[in-house]
Amino acid sequence: MLLFDLRPIFMIIGLATTTLGVAMLLPAFVDLYFDNPDWIVFVTSSMFTIFVGVAMWASARAPTVRFSLRQAFLLTALTWVVLSAFAALPLAFGEIGLSLDQAFFEAMSGLTTTGATVMTNLDGAPPGILIWRSIMQWIGGVGIIGIAIAVLPALQIGGMQLFRTESAERSDKAFPRAGQTAGWILGIYVMLTLACALAYSLAGMGTFDAIAHGMTTIATGGFSTKNASIGHFDSAAIELVCIGFMILGSLPFLLYFRAVRGNWRALIDDPQVRLFLAIILLFWLIGFTNAALTGIAEGAEGLRLTLFNTVTLLSTSGFAAVDYTYWGAFNDMILFLLCFLGGCTGSTAGGLKMLRLHVVWAALTQHSKRIAYPSSVFPMRYGTQPLGDDVASAVLSFFFVYFAGFFAVAMAFDILGTTEVSALSASVALFGNIGPGLGPEIGPAGNYSSFTSPELWLAYFAMLLGRLELFTVLVLFHPRFWRG
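Quick caveat: nothing in here was measured; it's all calculated off a predicted structure. (Residues numbered from 1 in each chain as written. Predicted model: local features only at pLDDT ≥ 70, side-chain atom pairs only at ≥ 80, totals over all residues. Heavy atoms only, no water.)

Quick look at the overall build of the protein now. Helix and strand content of the protein: 24 helices and two strands. Taking 484 residues into account, the globule formula puts the C-alpha radius of gyration at 23 Å, and the protein, at 22 Å, falls close to it. Expressed as lengths along the three principal axes of its C-alpha atoms, the size of the protein is roughly 75 × 65 × 50 Å. By residue count, 57% of the 484 residues in the protein fall in the buried class. In the protein, the proportion of contacts linking residues at least 24 apart, taken out of those at least 6 apart, comes to 72%. Working note: accessible area of the protein is about 20,000 Å², and carbon and sulfur atoms make up 68% of it. Taking the average location of the 23 positive side-chain charges in the protein and that of its 27 negative ones, the two points are 20 Å from each other. (Helix = DSSP H or I, 4+ residues; strand = E, 2+ residues; numbered from the N terminus. Rg over C-alpha atoms; globule rule 2.2 N^0.38 Å. Buried < 20%, exposed > 50% of the residue type's maximum accessible area, 1.4 Å probe, protein only. Contact = heavy atoms within 4.5 Å. Areas by Shrake-Rupley, 256 points an atom, 1.4 Å probe, with all protein chains shown as cover. Lys, Arg positive; Asp, Glu negative; His and termini not counted. Charge placed at Lys NZ, Arg CZ, Asp CG, Glu CD.)

In structure tokens:
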């Protein structure tokens, strides 16, 4: 017997679905402007999506909305699945004619900001489809920030309770309500997107491409309007703009909120931000040294391309400036390791996240000191804040489940017939919401169009698990969740 009320869940999903339906009108206008017949598909899909969303909201609305933890778990997982189903409609019935499996994959990849694609001819795709892919990633990016700030800390998943304690605004501050904080963060998100699009335009990118890439860069999603991604433009200025805004999209958006309210030191004092920048510097130097010694890339070009490769994978964006598949086995090993790490907690990036890496390092340091000095006390700290055993336990549990899930998905891909290299790289790329993997099949010069239906279904699940921090989805499979 189900022991909690589903009405608030369906009411919120109805509102989100309605918002998605309204967003579908934007690519309809784009197709109409470029005289592409797909505008009819977008309008029809929009009307259907809005109708279903309004019907869900009207039938489930309540005077007051209060959520238990179980309702929050179910809402978080269902929202991404339902929105992906509706977002897939224009992809399935539009000019590009993706199958239902492929359309759902593309939509899930967009809304989870993964950036994996099954589309093989982006250069010739309708403009409405291209801008819709960017809009999906932009919506997914701001949605991820929202659940990272409002939902996951309350669920205490993988040490997220520390993020709430360290970053959340107190009730006695100038903006005590969560809605006001969310409004400010949305405003910052919009301003960064506009700044990114303008920077791309000034660097030489066309207006349409600049807008599309501006949305996917801040969302650290990686969808491009070109088959060759950023490499299509062959511009050092565009690559540098992409690097800068991928980094900005990977930093905690609550710190931007604090910065605009006067606390500019928040961005440089946060331990995970400093760790993120240090890892970029370390892997950049390693990558450039390897590229220079092997003669793959040297000088200013080598510095730029190795920095781009480092940032695009660490930020889980998945853009490509060059096909790094042919840069050698050592380079593959370095990039494969980067795929696990990810950006900062509270950003649009995926992966393990810097906050958790910091906590694991603190726990290992404490344990090694206790072995050497068993009678001494060594408290764990995150910056100046002491860490409780509950935080360390949650983070270590998350690490175990993350790597267990990675190996399970990789073995499942292997069983389904995926090549060994593609199975491993697809698992880490989908789990970390990066998109492109390694190897000729799904690397930066390839895509996921060769995946069979069972492989695509496994990919859906991997992207959803990685984006929603694993436990949010896995807890739904526990019988006691439904029995209370």
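Next comes the rest of the description.
If you trace the backbone, Ala107 turns up in helix 6 (residues 100-111). Look at Ala107 and you get buried, because its relative accessible area is 0%. For the pair formed by Ala107 and Arg133, sequence separation is 26 residues and the distance between their alpha carbons is 7.7 Å. Aside from chain neighbours lying at most four places away, what touches Ala107 is Ser84, Ala87, Ala88, Leu91 and Met136.

A few words on a nonpolar patch on the surface. A contiguous nonpolar surface patch, about 510 Å² in accessible area, is contributed by Leu26, Phe29, Leu32, Trp39 and Ile40. Among the elements that line the nonpolar patch, the one with the most residues is helix 2 (residues 25-33), at three residues. Among the structural elements, Leu32 can be located in helix 2. Looking at Leu32, the relative accessible area reads 45%, which means it is partly exposed. (Patch = residues over 30% accessible without salt bridge, like charges linked within 9 Å, V, L, I, M, F, W, Y side chains within 5 Å. Salt bridge = Lys/Arg side-chain N within 4 Å of Asp/Glu carboxyl O.)

So, on to the pattern of salt bridges. Proximity of charged atoms lets side chains of opposite charge pair with each other. Across all of its chains, the model carries six salt bridges by this definition. Of the charged contacts, one joins Glu106 and Arg133 as a salt bridge, the two residues approaching to 3.0 Å between their closest N and O atoms. One end of the pair, Glu106, is in helix 6; the other, Arg133, is in helix 7 (residues 127-150), with 27 residues separating them in the sequence. The pair Glu106 / Arg133 is uniform in exposure class, with both members buried.

The interhelical angle for the contact between helix 6 and helix 22 (residues 453-467), taken along N-to-C directions, is 20°, at an axis separation of 10 Å. When the axes of helix 6 and helix 22 are compared, the pair comes out roughly parallel. As for the relative orientation of helix 6 and helix 22, their crossing is left-handed in sense. Packed against helix 6, whose contacting residues are Asp101, Gln102, Phe104, Phe105, Met108 and Ser109, the element helix 22 presents Ser453, Leu456, Trp457, Ala459, Tyr460, Met463 and Leu464 at the interface. Its residues assigned to classes, the contact of helix 6 with helix 22 comprises nine nonpolar, three polar and one charged. (Axes fitted to C-alpha atoms, helices over the stretch in contact; angles between N-to-C directions. Parallel < 35°, antiparallel > 145°, perpendicular 65-115°, else oblique. Left-handed = near helix turned anticlockwise from the far one by under 90°. Nonpolar A, V, L, I, M, F, W, Y, C, P; charged D, E, K, R; others polar.)

Attention shifts here to the packing of aromatic side chains. In the structure shown here, the tally under the stated rule is 26 aromatic pairs. With 6.2 Å between their ring centres and 50° between their planes, Trp184 and Phe257 make a pair best called tilted. Taken together, the residues span a long stretch of sequence, with Trp184 in helix 10 (residues 178-202) and Phe257 in helix 13 (residues 253-260) at a distance of 73 residues. With relative accessibility at 36%, the residue Trp184 sits in the partly exposed group. (Phe/Tyr/Trp six-rings, centres within 6.5 Å; stacked < 30°, edge-to-face > 60°.)

Let's shift gears to the environment of Val475. With respect to the helices and strands, Val475 occurs in the loop between helix 23 (471-474) and helix 24 (479-483). Once the C-alpha coordinates of Val475 and Leu277 are considered, the two residues, 198 residues apart in sequence, prove to be 34 Å apart. In this structure Val475 touches Phe73 and Phe481, once residues within four positions along its chain are discounted.

Further remarks concern the nonpolar core. Counting residues in hydrophobic clusters, the biggest one holds 144 residues, and the most contacted among them are Phe105, Trp132, Tyr200, Phe253, Phe413, Leu430 and Tyr448. Aside from chain neighbours lying at most four places away, what touches Phe253 is Ile145, Ile185, Ile188, Tyr189, Leu192, Ile218, Leu248, Gly346, Ser347 and Thr348. (Core = buried A, V, L, I, M, F, W, Y, C linked by side-chain atoms within 4.5 Å.)

The predicted model of the protein has a mean per-residue pLDDT of 87, with 91% of residues at 70 or higher. Across residues 165-176, where pLDDT falls below 50, the model places 21 contacts with residues more than four positions away in sequence or in other chains. (pLDDT = per-residue confidence, 0-100.)

Let's shift gears to helix 2. Because each turn of an α-helix spans 3.6 residues, side chains separated by three or four positions end up pointing in the same direction. All of the buried residues along helix 2 are Pro27, Ala28, Val30 and Asp31. Here the buried residues of helix 2 occupy an arc of 160° about the axis, which is enough to place them on one side. Residues Phe29 and Tyr33 are exposed on helix 2 and point more than 90 degrees away from its buried face. Positioned one or two residues after helix 2, Asp35 has a phi angle of 60°, which is positive. (Arc of directions from axis to C-beta.)

With that out of the way, let us pick up the packing of helix 19 (residues 389-415) against helix 20 (residues 420-431). For the pair helix 19 and helix 20, the least separation of the axes is 8 Å and the interaxial angle reads 140°. Of the possible angle classes, the one that applies to helix 19 and helix 20 is oblique. Considering the relative orientation of helix 19 and helix 20, their crossing is right-handed. Touching Tyr402, Gly405, Phe406, Val409, Ala410, Phe413 and Asp414 of helix 19 are Glu420, Ala423, Leu424, Ala426, Ser427, Val428, Leu430 and Phe431, all from helix 20.

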